[in-house]
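Listed below, chain by chain, are the residues.
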Amino acid sequence: MTEVNSAADSGSYNPHKAEAEMQARWENEGTFQVTENSDKPKFYCLSMFPYPSGQLHMGHVRNYTLGDVIGRYQRLQGKNVLQPMGWDAFGLPAENAAIKNNVPPMKWTRENIAYMKRQLKSLGFAYDWSRELATCDPEYYRWEQWFFTRMFKRGLVYKKAALVNWDPVDQTVLANEQVIDGRGWRSNALVERRELAQWFVKITDYAEELLNCLDGLDGWPEKIKTMQRNWIGRSEGVELTFPIDADQGLEQQGLTVYTTRPDTLMGVTYVAVAAQHPIALKAAESDEKLKAFLEECNRVKVAEADMAKMEKLGMPTGYYVTHPLSGEKVQVWVANFVLIDYGSGAVMAVPGHDQRDWEFARKYDIPVKQVIAPAPGSNEICDLSKEAYVSKAGVCVNSGEFDGLDFPQAFGAVASALRAKGLGETQVNYRLRDWGVSRQRYWGCPIPIINCSQCGAVPVPEADLPVVLPTDVEFEGVGSPIKKMPQWYETTCPECGGAAERETDTFDTFMESSWYFARFASSGFAGGMVDERTRYWGTVDHYVGGEEHAILHLLYARFFHKVMRDEGLVEGDEPFKNLLSLGMVLKDGAKMSKSAGDAGDPQHLINTYGADAVRMAMMFAAPPEQSFEWSEHGVESAGRWLRTRLWNIVENHLAGGEVPALDKAALTEGQKDLRRLVHETIAKANDDYGRRLNFNTVVSSVMTLMNEVSRYDDESPQGRAVVNEALRAAVLIMEPITPHITEVLWEQLTGGSVYDASWPEVDEEALKKSAVEIVAQVNGKLRGRFEAPFDSDQDTLVAMAKEDENVQRFLEGMTVRKIICVPNKLINIVVSK
RNA sequence: GCCCGGGUGGUGAAAUUGGUAGACACGCGAGACUUAAAAUCUCGUCACCUUUUGGUGGUGCCGGUUCGACCCCGGCCCCGGGCACCA
């Protein structure tokens, strides 16, 4: 050991030295830069890229360590592994910072990226940094703009009015999180709902496919698929029209509603429209009270949760519609729980058989009419004085020709009756709504549309892309600077050449994160959105990210992928083969967020204990899918374990000199026992890394192995050979979790590089046991344990159990009724008097 | 409110297919080493009863299925995530 300056020399463990040296080596040698020219099978391992909020928090450390562990494990399995990293760089916090500190968003974002990149590097992640991208880079978003114009040409884009949170003081649109208790976060003004023309993308055209493809996603957690299914919300129902008498002076000739319960149609006692519905607005013209009520309805934030939590209120409009089958007059109410953005902005109400309608009807003394009764012989109870009867198991009553029909029969009969009158049709409906992509913000990708008074909305021609967001901007208070920059938005129409204006809204930032995985593969390609390299890397083999993205991001990304497929850009129906959905790292019981500031910055821990200790502590803390409250306690002990239980033991072993070759035939029982544990640990690691993705138990099983090694004091040649095998296995198994220390130790143990190492094979022979411990139960209660030869049969085990004194005590005076035998594990003698 | 998860010692957790509840750690206690401390090592550590190598109870609460339930079923409580403009 003469080269004292190398981390690969023995001596006391210095994590900072080892980590700095290894990281410098990876960078200099381009260890993690991958190409498409490889004989190895490809493996695309992707962790959700971060928003550059300023500094990493523990949620990032967890996410990126888990992804890195998967990637490094696959690399040790002989795969050509791509692990890219980039920045989801557009978004609200940069604007907030700009307003607060007068820093241009681009500058703020770039500085944050630089700092966070250093932090990621200091954690030793095996990223191919040559593929780094930032979504605020025009070379990135130009292809997003290009793709949007492709979607426009495919008819997937349209404009319609939609509600936003309007701050009347700051004269700006607020995000939901900027509305606190109904007031603007800066101005404290009461927020109003306001309608604005917005761009929408027709994700609903793909609703059926987005739903059906979930069945084929075997590598996704069932809970995520369930959430997506419920979100898409396919339902079968009837769309029907309540005609409107012309003598009421309304423009509309009918009110269209959708219902999944056409069997209850004869029980409709009112219909309800949203506060922004034209009928409501018309009625309010001559009714001051109603007008006030509508204004009241507009003082709720545009968020479903707030809608659902508020008290259900309504007012009659004075108008009525005609029941499509009975011809009776039905009153039209305005209700604050009806969504104008969803469906037709109107619902039919059946208070007898819908709980919300029932409560509303009781509150306003609207009649409740029973039209469904429990089926004969059913033990269901229907008491409309207490609650609505919502079961689908009943039969129609008080419904004329439909009386006696059950749900499916009544569904068909009512649909037919409506169809015969031209007033209704069965329809498959989705809860999923089209994706509103317009944002009235500055720090986002400009929407590549030119508004021309002659030609309407015209997509920017491909040759004129990208539409670059100006970055030399001044934030004067709130509001998007580009909306006040005529030099930017004044342009000419690409079609007629006349004066026209650019769209000054920008895209929802989910647009950028919906295709970045494809761009990583085609890194740097200037000739298009993606190239053939994206076909090589293909589907992301493992996608790792927080469970908070279970619905929106993952649904939008799946949608984008399908449209890209239909454009011939990518292959396959789904972008992510396997998904690891991480639980939250909580801070004070809630998720760490941008707004929570620097809570949980890992830097001081890395500085104190080293990256390997931080990574190991994070992996050991909990299985990936579980949320947990972060505590720094484990980091110190992880560092201690690495030093005392890994480094020192390897050093002591190496100090013993040459290690002879292992002779499996010449092992003592003690040597065989340790060797069995070694191979059990390898088998466990394979299962935990490859199948279960539980890395906390990888760590604990290696700890168990090393505890055993430290107790083992067989200095004989074969004893040292078995220990050597144990140490090589432990070091390699730990490599994905603690890559720096293990790379150093592996070189000391073998003289070779850990990147040329092959994963240890499980020796099935070594796993074999001659004897196993059997648990003896009487009536399911533990009464004794004993050693029995491996694979003993039931009779042998019963006989051995009966030799146990304690077992005998519980058998005395009893008659054996039954024997339950779980081979090599348990024998249960069931007795009674 | 709706959808999806979760709840196990003082703490993080383990128990993979219904079969020994608490592995592995943290913390704490005791001991060794030390002039002393730190570091390190060893032992103990779910509760109660007990001379025991024994018994009883115990996985948020209540009930059920089973020879046997942290695990399956029904009802409830609490916590977390999402709810379409935080990302």
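Note: the structure precedes this text.
Not measured: the values here are computed from a predicted model. (Residues numbered from 1 in each chain as written. Chains lettered and ligands numbered in written order. Predicted model: local features only at pLDDT ≥ 70, side-chain atom pairs only at ≥ 80, totals over all residues. Heavy atoms only, no water.)

Q: Provide a residue-level description of the environment of Ala308, including the pertinent values.
A: Considering the arrangement of structural elements, one finds Ala308 in helix α10 (residues 304–309). When its relative accessible area of 51% is taken as the criterion, Ala308 is described as exposed. When the C-alpha atoms of Ala308 and Asp434 are compared, they prove to be 21 Å apart, with 126 residues separating the residues in sequence. (Helix = DSSP H or I, 4+ residues; strand = E, 2+ residues; numbered from the N terminus. Buried < 20%, exposed > 50% of the residue type's maximum accessible area, 1.4 Å probe, protein only.)

Q: Account for the sheet that holds strand β22 (residues 499–502), with residues named and values stated.
A: Read from one edge to the other, the open sheet built from four strands follows the order β20-β19-β22-β21, with strand pairing classed as antiparallel. Only two strands of the sheet have a single partner each, and these edge strands are β20 (456–459) and β21 (490–492). Averaged over all neighbouring strand pairs, the angle between strand axes comes to 40°, with direction disregarded. Examined bridge by bridge, strand β19 (residues 449–452) and β22 share three bridges and lie antiparallel to one another. (Pairing = 2+ DSSP bridges. Axes fitted to C-alpha atoms, helices over the stretch in contact; angles between N-to-C directions.)

Q: If you had to explain the protein's contact with RNA strand B to someone new, which residues and values would you point to?
A: The immediate surroundings of RNA strand B are formed by 79 residues, with Arg441, Lys684, Arg691, Arg785 and Asn828 found nearest. The sugar-phosphate portion of RNA strand B accounts for 61% of its atoms within 4 Å of the protein, the bases making up the rest. Within the backbone of Arg431, a nitrogen or oxygen atom sits 3.0 Å from a base nitrogen of RNA strand B. The side chain of Arg783 places a nitrogen or oxygen atom 3.0 Å from a phosphate oxygen of RNA strand B. The residue makeup of the surface near RNA strand B, split by class, is 29 nonpolar, 25 polar and 25 charged. (Near = heavy atom within 4 Å. Polar contact = N/O pair within 3.5 Å; in protein donor to acceptor, adjacent residues only side chain to side chain. Nonpolar A, V, L, I, M, F, W, Y, C, P; charged D, E, K, R; others polar.)

Q: Now, about the pattern of salt bridges: what can you tell me, with residues and values included?
A: Counting across every chain of the model gives 49 salt bridges. Among the ionic pairs, Glu725 bridges to Arg675, the shortest N-O distance being 2.8 Å. One end of the pair, Glu725, is in helix α22 (residues 717–734); the other, Arg675, is in helix α20 (residues 669–692), with 50 residues separating them in the sequence. Salt bridges here are not isolated pairs; linked through shared partners, they connect Glu209, Arg558, Lys562, Arg565, Asp566, Asp573 and Glu574. (Salt bridge = Lys/Arg side-chain N within 4 Å of Asp/Glu carboxyl O.)

Q: Any chance you could break down the sheet that holds strand β2 (residues 80–82) for me, citing the residues and the numbers?
A: Taken in spatial order, the four strands line up as β2-β1-β24-β25 in an open sheet, and their pairing is parallel. Of all strands in the sheet, those with a lone pairing partner are β2 and β25 (576–582), marking the two edges. Direction aside, the axes of adjacent strands within the sheet are offset by 20° on average. Examined bridge by bridge, strand β24 (residues 540–546) and β25 share six bridges and lie parallel to one another. Each residue of the ladder has a partner; that of Gly546, found in β25, is Leu582.

Q: For unusual backbone geometry, give the residues involved together with the corresponding values.
A: In this chain, Leu465 is followed by Pro466 through a cis amide linkage whose omega measures 0°. A positive phi is found at Leu693, a non-glycine position, where the angle reads about 55°. As for its placement among the helices and strands, Leu693 is situated in the loop between α20 and α21 (696–711). Looking at Leu693, the relative accessible area reads 12%, which means it is buried. One non-glycine residue, Asp791, lies in positive phi territory at about 65°. Its relative accessible area of 55% is what places Asp791 among the exposed residues.

Q: Residues and numbers for the packing of aromatic side chains, please.
A: Taken as a whole, this structure holds 42 aromatic pairs when the rule is applied. Where Phe90 meets Tyr141, the ring centres are 5.7 Å apart and the plane angle is 40°; that geometry is what we call tilted. With Phe90 in the loop between β2 and α3 (92–101) and Tyr141 in helix α5 (residues 138–153), this pair connects stretches of sequence that are 51 residues apart. Judged by its relative accessible area of 1%, Tyr141 falls in the buried class. Residues Tyr140 and Trp515 carry aromatic rings whose centres are separated by 4.3 Å and whose planes lie at 15° to one another, so their mutual orientation is stacked. (Phe/Tyr/Trp six-rings, centres within 6.5 Å; stacked < 30°, edge-to-face > 60°.)

Q: How would you explain the nonpolar core if you had to name every residue and give the values?
A: Formed by 177 residues in total, the largest nonpolar core has its most connected members in Phe148, Met151, Tyr689 and Ile737. Broken down by element, the residue count for this core peaks at ten residues, all from α22. If we ignore the near neighbours within four places in the chain, the residues touching Tyr689 are Val69, Tyr73, Phe695, Val698, Ile733, Pro736, Ile737 and Trp759. Leu250, Val268, Leu294 and Val332 belong to the second largest nonpolar core, which has 45 residues in total. (Core = buried A, V, L, I, M, F, W, Y, C linked by side-chain atoms within 4.5 Å. Contact = heavy atoms within 4.5 Å.)

Take it as geometry only, folks, not as evidence of what the structure does.
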